[in-house]
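Chain and residue survey
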Amino acid sequence: MTVVISATGLYTPPFSISNAELVASFNTYVERFNAEHAAAIATGAKQALLPSSVEFIEKASGIKHRFVLEKDGMLDVDRMVPIIPERPNEALSLQAEVSVAAAKQALERAGRDPADVDAVICSCSSLQRPYPALAIEVQNALGAGGFGYDMNVACSSATFAIQNASDIIRAGHARSVLVVNPELCTGHLNLRDRDTHFIFGDAAVAILVERADMAPPGAWAILGSKLQTRFSNNIRNNFGFLNRGDEAHRDDPDKLITQQGRKVFKEVVPMVSEMILQHMAELDLKPSDLKRLWLHQANSNMNRLIAERVLGHEASQEEAPTVLDTYGNTAGAGSIIAFHLHSNDFKAGDRGLICSFGAGYSAGSIFVQRAA
């Protein structure tokens, strides 16, 4: 049975923060910290913090800008956390709200009514609560039928969910599955950490996965999907419900994202490149068969190397488009944002690759072909 991506949707938050704004806030914090701990720094008991710069951020990541759900509080040196008031249980939750916005766009583009949806999967790097499932809340808000559940595979959440949706359809449990990926990443961003303070932005995407016999014209046939995981502590977030049991470490920095960027770079680039090439061989695809790679949007240098290893030459912006310069790292949403914004020029028969990779380590590749 052929399964397709019928449409995608994108929610972009209303606020934005430039690198210059982030750097100004961070460097003010650094100056204050170093002054307050000058004596301890002089004796070697504490290490002085290093300032950040626009040049450092752009060279290290390629990020120039990011959209954020809430700007208030993020640049306040006394706070450096977005001000996001908790909503009452009767109100639609934040992640459900942005998911619904992206989902409505995807459904409209596919000419689909929410009642036609048989299942909803909410998959993202961080869920705002354990239960009830965000997917069920989105299902209820849209008026969709069937069932819903949540899943988390960090930055590969969307691609893993697309394969889940495809498997559900092939097994005959649904004809139309809505995947939502609400990435409100700035909520777990440590704005006091030089190595990570610039990484994330917020966004939400939706992907409508369906049987080909009910899909609209111009849908994307899923030629094949491949998933891979390999355990690593190099990207980690220790926030969880058990933290309340250890007050001594409840508020430690590791309850936000931590990463060892150089190790991640050296280990993920070959892992992902080899996975893609193996998947291509399994599908009897050659580099020349691919018009475009929509890669995970975390680091422009990583994407350049992966694209070069897959294609055999340095990729152009058309062959491997970048959106992280504008959106920042949006975790699982990044490759889908690239696909959403840079796929309209495909003609029937054109092929491309959606690929994600990140914490876990996890990686997912989905080859697609534009239908007539």
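Everything below is about the structure printed above this text.
These notes cover the structure that comes with them.

Conventions we followed
- Residues numbered from 1 in each chain as written.
- Predicted model: local features only at pLDDT ≥ 70, side-chain atom pairs only at ≥ 80, totals over all residues.
- Heavy atoms only, no water.
- Helix = DSSP H or I, 4+ residues; strand = E, 2+ residues; numbered from the N terminus.
- Expected span 1.5 Å × (residues − 1).
- Buried < 20%, exposed > 50% of the residue type's maximum accessible area, 1.4 Å probe, protein only.
- Polar contact = N/O pair within 3.5 Å; in protein donor to acceptor, adjacent residues only side chain to side chain.
- Contact = heavy atoms within 4.5 Å.
- Axes fitted to C-alpha atoms, helices over the stretch in contact; angles between N-to-C directions.
- Parallel < 35°, antiparallel > 145°, perpendicular 65-115°, else oblique.
- Left-handed = near helix turned anticlockwise from the far one by under 90°.
- Phe/Tyr/Trp six-rings, centres within 6.5 Å; stacked < 30°, edge-to-face > 60°.
- Core = buried A, V, L, I, M, F, W, Y, C linked by side-chain atoms within 4.5 Å.
- Salt bridge = Lys/Arg side-chain N within 4 Å of Asp/Glu carboxyl O.
- Pairing = 2+ DSSP bridges.

Before going further, it helps to spend a moment on helix α6 (residues 157-170). Note that an α-helix has 3.6 residues per turn; residues three or four places apart therefore point the same way. Taking 1.5 Å of rise per residue, the 14 residues of α6 would be expected to cover 20 Å, and the 20 Å separating its terminal C-alpha atoms lies within 8% of that figure. Among the 14 residues of α6, eleven are classified as buried, and the element is accordingly described as predominantly covered. Within the span of α6, buried status applies to S157, A158, T159, F160, A161, I162, Q163, A165, S166, I168 and I169. G172 occupies a position one or two residues after α6 and carries a positive phi of about 85°.

Looking at where S6 falls in the secondary structure, it is placed in strand β1 (residues 3-11). Engagement of the side chain of S6 in a polar contact is seen with the side chain of E210, the distance being 2.5 Å. Residues in contact with S6, not counting those within four places in the same chain, are A110, L208, E210, A215, P216 and A219.

Below, the discussion takes up the environment of T196. As for its position among the elements, T196 is in the loop between β6 (176-184) and β7 (202-211). Sequence separation between T196 and I257 is 61 residues; the distance between their C-alpha atoms is 8.0 Å. Sequence-distant contacts of T196, defined by excluding residues within four places in its chain, comprise L189, N190 and Q259.

Position of P253 among the secondary structure elements: in the loop between β9 (235-236) and β10 (258-259). According to the relative accessible area criterion, P253 is exposed, its value standing at 54%. Remark: the alpha-carbon pair of P253 and L295, spanning 42 residues in sequence, is separated by 29 Å. Not counting the four nearest positions on each side in its chain, P253 is found in contact with N190 and T258.

All right, on to the packing of helix α1 (residues 19-36) against helix α3 (residues 54-61) then. Think of two packed helices as two axes; the pair is described by the angle between the axes and how far apart they sit. Viewed as axis vectors pointing N to C, α1 and α3 meet at an angle of 120°, and their least axial separation amounts to 9 Å. Between α1 and α3, the crossing angle belongs to the class labelled oblique. Crossing geometry of α1 relative to α3 is assigned as right-handed. The residues of α3 that touch α1, namely those facing N19, A20 and V23, are V54, I57 and E58.

What the rule picks out here adds up to eight aromatic pairs. Ring geometry for F67 against Y327: centres 5.0 Å apart, planes inclined by 55°, an arrangement best described as tilted. Remark: Y327 occurs in helix α9 (residues 324-327) and F67 occurs in strand β3 (residues 65-68); sequence separation between them is 260 residues. F67 sits in the buried class, given a relative accessible area of 18%. Residue Y327 is classed as buried on the basis of its relative accessible area of 8%. Taking 5.2 Å as the distance between ring centres and 40° as the angle between the ring planes, the aromatic pair formed by W294 and F346 counts as tilted.

On to the side chain of Q139. On the secondary structure map, Q139 appears in helix α5 (residues 134-142). Judged by relative accessible area, which is 11%, Q139 ranks as buried.

Judged by nonpolar contacts, the single largest core of 48 residues is most densely connected at V272, I276, L293, I306, C355 and F357. The dominant element in this core, judged by the number of residues it contributes, is helix α7 (residues 261-282), at eight residues. Discounting chain neighbours no more than four positions away, the residues touching I276 are I306, V310, L353, C355 and F367. Counting 36 residues, the second largest nonpolar core, distinct from the first, contains M151, V153, A203 and F339.

The next subject is the pattern of salt bridges. In the structure shown here, the tally under the stated rule is 14 salt bridges. The salt bridge partner of R112 is E210, with a shortest N-O separation of 2.7 Å. Of this pair, R112 sits in the loop between α4 (94-110) and β4 (119-123) while E210 is found in strand β7, placing the two residues 98 residues apart along the sequence. One exposure class covers both R112 and E210, and it is buried. A salt bridge links R129 to E137, with the nearest nitrogen and oxygen atoms 2.8 Å apart. Among the charged side chains, a network of salt bridges with common partners joins K291, R292, E318, D345 and D350.

Sheet strands pair by backbone hydrogen bonding; their relative direction is either parallel or antiparallel. In spatial order, the strands read β5-β4-β6-β7-β1-β8-β13-β12-β11; together these nine strands make up an open sheet with mixed pairing. Both outer strands of the open sheet, β5 (147-151) and β11 (290-295), are each paired with one neighbouring strand and no more. Adjacent strand axes in the sheet meet at a mean angle of 25° when their direction is disregarded. When β1 meets β7, the two strands line up antiparallel, connected through eight bridges. By the bridge assignment for β7, V4 is matched with E210. Together, β8 (220-229), β11, β12 (351-358) and β13 (362-370) form the strand contacts of α7, whose direction differs from that of β13 by roughly 40°.

Shape is all these values report; function is a separate question.
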